[in-house]
Amino acid sequence: MSTIIEMRGISKSFGPVAALSNVDFRLEPGSIHALMGENGAGKSTLMKILAGVLRPTSGEILLAGKPLSLSSPRDGLDAGISVVFQEQSLLANLTVAENMFLGREPRTRWGGIDYPTMRAKTREALAQLDLDFDPDRQVAELGIAERQFLEIAHGIHANARVMILDEPTAALNAADVDVLNRNIRRLASEGCAIVYVSHRLEEIFELCDTVTVLKDGALVGTRPVSEMNTASLIAMMVGRELSDMFPPRADETGAPMLGIEDMVLQPGAAALNLTVNAGEIVALAGLEGQGQSAIARALVGLHVPVSGHIHLKGQTVPLPLPRESGLLKMHAAGLGFVPEDRKEEGLLLNLSVAQNIALGRFAGVPAVAPASGTRAVVQRMMDAMNIKAAGPRARVGSLSGGNQQKVLFGRALAAEMDVLVIEEPTRGVDVGAKAEIYGLLRDFTAAGGAVLVLSREALELIGLADRIYVIHDNAIAGEIAATEATEHKLLDMALSGGKAENA
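Residues numbered from 1 in each chain as written. Predicted model: local features only at pLDDT ≥ 70, side-chain atom pairs only at ≥ 80, totals over all residues. Heavy atoms only, no water.

A. Quick look at helix H8 (residues 230–238). Turning to H8, its buried residues are Leu233, Ile234, Met236, Met237 and Val238. Of the surrounding elements, those touching the buried residues of H8 are strand E3 (32–36), helix H7 (201–207), strand E9 (210–215), strand E10 (218–224) and helix H15 (431–446). (Buried < 20%, exposed > 50% of the residue type's maximum accessible area, 1.4 Å probe, protein only. Helix = DSSP H or I, 4+ residues; strand = E, 2+ residues; numbered from the N terminus. Contact = heavy atoms within 4.5 Å.)

Quick look at the structure:
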């Protein structure tokens, strides 16, 4: 089979820091090629070089055997290389159609933008992914999963010879993943070369035919997926066997720390009640858009429910909370929130690692308050989270996506909250870092804290949590001990609203 892309001896340095060292990477047409490695291994840097976003310090790229010089993303697109990065690049103030054709708008014979054609072709591109967005809808109105699909539709519409998908399923539920995988296989069957960057091992074995692993900016090796298993792939990535991803569950729990009483999320929805005890991790599971995120966000004023009450450490707070001050109010009461969208809602990308971690300690605190011990806390968080950065002063925007997630999580831990409410705790995080985060969450609850968590990964919830509430139609469909839960039981409850006993 002929090689479509060959990257030879690629190295890239940012000042004194070597992000890539003499990496070789080849792509064959019709191949779905996984690119894996821990956070900070160099995957995103290598793909940004292939897309024309970055220029290598040394090395060369060949396209169909001929040297390829890429000075910009436009050069990459012109060469038939399309990329969907993990950190979304859509412009929220533009419409779906305007984002789809940004920089290559169809023109009328008089030179103006041909909006009817643009809308029609946008509908066609979205229909390939079973999507039915209004082309005139503003991107700001889309959820994170919808934005991810729009990014992917944009790449597919570009008719690229090479498509790079960086964590494409991180914001998608199981049904959406099936739709995406079907389209990836279709593109490969048509001769497109797919680079698939993911930390979800099951996706690699289900979808990909080849895997390349990077570690600390160097090439570990390239293997056929058929010759690998989960244990050998993890060992290849982290350099050691990962015997157990999840720490032991709590032997016993304490008094209720967080309670939700008679919360009505939407008009006509049933009232819901749940409790999270000290020393316990409780999960919210369900299909996309059923109300899990609304429950979490109602606790900090980012969703406005019809009615209800929050019980936090014996204090009762009526709902809804004010959107302008709910987050700070609950933070002051000891409840911390870790949002899913770290780029838009979580981190200040132009500030340093230290400043982002320290923000949680000083939220709502007068500006004249002393910063006693902050430097030590920041360093402790960086060490505990194994954050790979040049140092505490490194700009968060320069970090890999997984290391950004660790900073966001480290901020919540540094704030010394009693209760943590966490959306997608390991989004875009490698297998080694996932185990570290799970361990830190268990350390937090072992010290008397309580965690309410939601994730699209059912196996993550089953392995991490003590109890799981399944949400269906903005209400609780059932509750199940995590030790008794299976993916089948959770899916049955999520689809039917039935109890686990009937699964």
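B. Just the packing of helix H14 (residues 401–414) against H15, in detail. Relative orientation of the contacting elements H14 and H15 amounts to 10°, with a least axis distance of 12 Å. One finds that H14 runs roughly parallel with respect to H15. Along its contact with H14, which presents Lys406, Phe409 and Leu413, the element H15 presents Ala433, Glu436, Ile437, Leu440, Leu441 and Phe444. Of the residues contributing to the contact of H14 with H15, the split by class is 7 nonpolar, no polar and 2 charged. (Axes fitted to C-alpha atoms, helices over the stretch in contact; angles between N-to-C directions. Parallel < 35°, antiparallel > 145°, perpendicular 65-115°, else oblique. Nonpolar A, V, L, I, M, F, W, Y, C, P; charged D, E, K, R; others polar.)

C. Spotlight on the environment of Val179. Along the chain, Val179 turns up in helix H6 (residues 174–189). A relative accessible area of 12% places Val179 in the buried class. A sequence separation of 48 residues divides Val179 from Leu131, and the C-alpha atoms of the two residues are 9.8 Å apart. Contacts of Val179, omitting those with residues within four sequence positions, involve Leu129, Asp130 and Phe149.

D. Structural view of the nonpolar core. Judged by nonpolar contacts, the single largest core of 49 residues is most densely connected at Met36 and Leu233. Those residues within four positions of Leu233 in sequence are excluded, and the remaining contacts are Met36, Leu201, Ile204, Phe205, Val211, Val213 and Met228. Of all hydrophobic cores here, the second largest spans 47 residues; its members include Met381, Ala394, Leu408 and Leu441. (Core = buried A, V, L, I, M, F, W, Y, C linked by side-chain atoms within 4.5 Å.)

E. The sheet that holds E10, seen in detail. Spatial ordering of the open sheet is given by E6-E7-E8-E3-E9-E10, a layout of 6 strands whose pairing is mixed. Strands with a single pairing partner mark the edges of an open sheet, and in this sheet they are strand E6 (81–84) and E10. Averaged over all pairs of adjacent strands, the angle between strand axes in this sheet comes to 15°, irrespective of strand direction. One ladder, built from 4 bridges, connects E6 with strand E7 (residues 162–166); its direction is parallel. Bridge pairing links Val84 to Leu165 in E7. Set on the sheet, H8 makes contact with E3, E9 and E10; between it and E9 the angle comes to about 30°. (Pairing = 2+ DSSP bridges.)

F. Structural context of the pattern of salt bridges. Going through the model one piece at a time under the given rule, you end up with 22 salt bridges. Of the charged contacts in the structure, one is a salt bridge between Arg74 and Asp78, with a shortest N-O distance of 3.4 Å. Of this pair, Arg74 and Asp78 both sit in helix H2 (residues 73–78), 4 residues apart, which is roughly one turn of that helix. Given a relative accessible area of 38%, Arg74 falls into the partly exposed group. Here Glu479 makes a salt bridge to Arg467, at a shortest N to O gap of 2.8 Å. With Glu479 in strand E20 (residues 475–481) and Arg467 in strand E19 (residues 467–472), this residue pair connects regions lying 12 residues apart in the sequence. Linked through salt bridges whose partners overlap, the residues forming this network are Arg200, Glu203, Lys434 and Glu457. (Salt bridge = Lys/Arg side-chain N within 4 Å of Asp/Glu carboxyl O.)

G. Spotlight on the environment of Gly259. Relative to the helices and strands, Gly259 resides in strand E11 (residues 256–264). With a relative accessible area of 9%, Gly259 lands in the buried category. Sequence spacing of Gly259 and Leu187 is 72 residues, and the spatial spacing of their C-alpha atoms is 48 Å.

H. How the structure looks around helix H5 (residues 144–157). In a regular helix each residue adds 1.5 Å, so 14 residues correspond to 20 Å; H5 covers 20 Å between its end C-alpha atoms and thus fits that length. Among the 14 residues of H5, 12 are classified as buried, and the element is accordingly described as predominantly covered. Within the span of H5, buried status applies to Ile144, Ala145, Arg147, Gln148, Phe149, Leu150, Glu151, Ile152, Ala153, Gly155, Ile156 and His157. (Expected span 1.5 Å × (residues − 1).)

I. Quick peek at the state of the cysteines. Scanning the model with the defined rule gives 0 disulfides in all. Residue Cys192 stays outside any disulfide, its sulfur separated by 13 Å from that of Cys208, the closest cysteine. (Disulfide = S-S within 2.5 Å.)

J. Representation of the side chain of Gln292 within the structure. Tracing the chain through its elements places Gln292 in helix H9 (residues 292–298). Overall, the relative accessible area of 10% leaves Gln292 in the buried class. Here Gly286 takes part through its backbone oxygen, which lies 3.0 Å from a polar atom of the side chain of Gln292. Once residues within four sequence positions are removed from consideration, Gln292 is found in contact with Leu284, Ala285, Gly286, Leu287, Leu454 and Ile471. (Polar contact = N/O pair within 3.5 Å; in protein donor to acceptor, adjacent residues only side chain to side chain.)

K. Spotlight on the sheet that holds strand E2 (residues 17–27). Spatially, E2-E1-E4-E5 is the arrangement adopted by the 4 strands of the open sheet, whose pairing is antiparallel. With partners counted over all chains shown, the strands left at the sheet margins are E2 and strand E5 (66–67), one partner each. Bridge analysis of strand E1 (residues 5–14) against strand E4 (residues 58–63) gives 5 bridges, and the strand direction is antiparallel. Within E4, the position partnered with Met7 by the bridge is Ile61. Strand contacts of helix H1 (residues 43–51): E1, E2 and E4, with the helix running at about 115° to E1, the strand carrying the most contacts.

In short, shape yes, function no, at least from these values alone.
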